[in-house]
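# Geometric and topological summary
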Amino acid sequence: MCLINLKMVWQEVSIAQKENRHEIILTGSEISNQISKNGLDYTIFSLINLNYLNIHETCLTSVPDEIEKLSNLQTLVLHSNKLETITSKIACLNKLKILDLSGNLLKILPDEISTLSQLVTLNISNNQLENLPKFEKNSKLTVVNASNNKLTQFPDVCYSEMTSLSELYCSSNKIEVVPNTIGTLSSLKILLLNSNEIKEIPGDLSNCTKLKDLNLKENPISDKRLLKLISQGHIKKSN
């Protein structure tokens, strides 16, 4: 577990503070070593004008509650760390549009993510997630990437309010059922469901008239005719 050192100010953070920068990227072995020895530099959370924060490829295991102070954040990138938990305080980032938590060790996401009404892109791929929050209120979501997890249920995104959702990536999970409500996603263009446990495809999928790329390979589809179409590549259309 990383310790916290309130006195130490990292050079990168000091520069951002002095120049009143709106963006900061912290990555690499040097940053990781500092986190390992002393924890995050909490001065980061005094940079209230930040709209872009990127911390990746470090030993970071958790995001502190102080993240809520960065109320102007529009992009939060935390991919390829060692994150095991995400604080529910992330819900305070009500301007957040892009959230990238991919490539971590997350087993659960806080339900409060569902209150991020401005969220457009969510990348939670390559984690250990077994279930997801409801996304009913995230009506501006355009892209959701939940591939390479341990999901057994289809993401809860099938609402008529989700008029912007155009890309949904759920490859390499354990999803068993595609809900009939899939047809409500009127803007869906890409749906990747390969390498799951899906046996049947609901007819309502035909209501997704904008769908251009559908991948259902490596599923135990019971319909032999559909299986043949999948194997021949007629179901999947690549850009």
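Structural data are supplied above this passage.
Since the model is a prediction, treat every value here as computed from it, not as a measurement. (Residues numbered from 1 in each chain as written. Predicted model: local features only at pLDDT ≥ 70, side-chain atom pairs only at ≥ 80, totals over all residues. Heavy atoms only, no water.)

A tally of regular secondary structure across the chain gives 3 helices and 11 strands. When the helices and strands of the chain are placed in sequence order, the string is α-β-α-β-β-β-β-β-β-β-β-β-β-α. Burial statistics for the chain: of 239 residues in total, 48% are counted as buried. Considering only contacts in the chain between residues 6 or more positions apart, those separated by 24 or more positions represent 35%. Accessible surface computed for the chain: about 11,900 Å², of which carbon and sulfur atoms make up 46%. Between the averaged position of the 25 positive side-chain charges in the chain and that of its 25 negative side-chain charges there is a distance of 4 Å. (Helix = DSSP H or I, 4+ residues; strand = E, 2+ residues; numbered from the N terminus. Buried < 20%, exposed > 50% of the residue type's maximum accessible area, 1.4 Å probe, protein only. Contact = heavy atoms within 4.5 Å. Areas by Shrake-Rupley, 256 points an atom, 1.4 Å probe, with all protein chains shown as cover. Lys, Arg positive; Asp, Glu negative; His and termini not counted. Charge placed at Lys NZ, Arg CZ, Asp CG, Glu CD.)

The next thing to look at is the pairing of strand S1 (residues 23–27). Burial along S1 is one-sided: the face carrying Ile24 and Leu26 is buried and the face carrying Glu23, Ile25 and Thr27 is not. As judged from the 5 bridges shared by S1 and strand S2 (residues 52–56), these two strands associate in the parallel manner. Across the sheet, the residue bridging to Ile25 is Asn54, located in S2. What joins S1 to S2 is helix H2 (residues 29–38), and the crossover it makes is right-handed. (Pairing = 2+ DSSP bridges. Right-handed = clockwise from strand over helix to strand, strands pointing away.)

Overall, the coordinates contain 1 aromatic pair when judged by the stated rule. With centroids separated by 5.4 Å and ring planes inclined at 90°, the aromatic side chains of Tyr42 and Phe45 adopt a geometry described as edge-to-face. Across the pair, Phe45 and Tyr42 agree in class, each one buried. (Phe/Tyr/Trp six-rings, centres within 6.5 Å; stacked < 30°, edge-to-face > 60°.)

Our focus in this paragraph is unusual backbone geometry. One non-glycine residue, Asn20, lies in the positive phi region at around 50°. Here Asn20 lies in the loop between helix H1 (11–18) and S1. What makes Asn20 partly exposed here is its relative accessible area of 44%. Here Asn126, not a glycine, exhibits a phi torsion of approximately 55°, which is positive. Residue Asn126 is classed as partly exposed on the basis of its relative accessible area of 41%.

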